[in-house]
Amino acid sequence: MFQYRKITMDSITQAQFRQIVEIAAEADEDPFTEAMLEDCIENLYTVACLDGDTVLGYVVVNPNSKKYFGGCLYIVDIIVRHENRRQGIGEKMLKTVLSAFPQSSKLALDVEINNAGAIALYQKLGFRKTDIPTENLGEYMAMAKE
């Protein structure tokens, strides 16, 4: 049974942190550095999916982001191990985060334009493409849920 929970650097082992670093490196051409990931885990809201001591994925959110709408719950990063995708892990992690912030009326994220699986998941959860100009986002588009 997978466990979904908020994590801090004090609540995970060094081996689990190394797994998070590896997951980020496998999923992104320009991944967060170890220092960036540590900062995210310590200073933002991070939920991980654990199978025993194995990290299957994580999501980082900034509950007070000013990036869009003058303030919103912004999903900074969400990654599931490639071999564990399409098992509902990303959806469950997002639902775990959203349940922790029921007062948040505006939620936003950026997603790669060619990531059809992620876009479908976000649409299933009520996110829609925004009118935010895409020239500022490169290969990404902004999605929001209000």
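Residues numbered from 1 in each chain as written. Predicted model: local features only at pLDDT ≥ 70, side-chain atom pairs only at ≥ 80, totals over all residues. Heavy atoms only, no water.

(A) Summary view of the nonpolar core. Among the nonpolar cores identified, the biggest contains 27 residues, and Val-59 and Tyr-122 are the most heavily contacted of them. Among the elements that take part in this core, helix α3 (residues 89–100) stands out by supplying 5 residues, more than any other. Ranked by size, the runner-up nonpolar core spans 17 residues in total, among them Ile-23, Ala-48, Val-55 and Ile-79. (Core = buried A, V, L, I, M, F, W, Y, C linked by side-chain atoms within 4.5 Å. Buried < 20%, exposed > 50% of the residue type's maximum accessible area, 1.4 Å probe, protein only. Helix = DSSP H or I, 4+ residues; strand = E, 2+ residues; numbered from the N terminus.)

(B) Molecular detail of the packing of helix α1 (residues 14–27) against helix α2 (residues 34–43). Running from amino to carboxyl end, α1 crosses α2 at an angle of 115°, the nearest separation of the two axes being 10 Å. Crossing handedness for the pair α1 and α2: right-handed. Touching Phe-17, Arg-18, Ile-20, Val-21 and Ala-24 of α1 are Glu-34, Leu-37, Glu-38 and Ile-41, all from α2. Its residues assigned to classes, the contact of α1 with α2 shows 6 nonpolar, no polar and 3 charged. (Axes fitted to C-alpha atoms, helices over the stretch in contact; angles between N-to-C directions. Left-handed = near helix turned anticlockwise from the far one by under 90°. Contact = heavy atoms within 4.5 Å. Nonpolar A, V, L, I, M, F, W, Y, C, P; charged D, E, K, R; others polar.)

(C) Highlighting the pattern of salt bridges. A full pass over the atoms with the stated rule returns 3 salt bridges. One salt bridge connects Glu-91 with Lys-124, and the closest N-O pair in it is separated by 3.1 Å. Taken together, the residues span a long stretch of sequence, with Glu-91 in helix α3 and Lys-124 in helix α4 (residues 116–124) at a distance of 33 residues. Bridged by salt links that share partners, the residues Glu-91, Lys-95 and Lys-124 form one connected network. (Salt bridge = Lys/Arg side-chain N within 4 Å of Asp/Glu carboxyl O.)

(D) Inspection of α1 at higher detail. Between the first and last C-alpha of α1 there are 20 Å, a value that for 14 residues agrees with the 20 Å anticipated at 1.5 Å per step. Along α1, the residues classified as buried are Gln-16, Phe-17, Gln-19, Ile-20, Val-21, Ile-23 and Ala-24. Contact partners of the buried residues in α1: β1 (3–7), α2, β2 (45–51), β3 (54–65) and β4 (72–80). (Expected span 1.5 Å × (residues − 1).)

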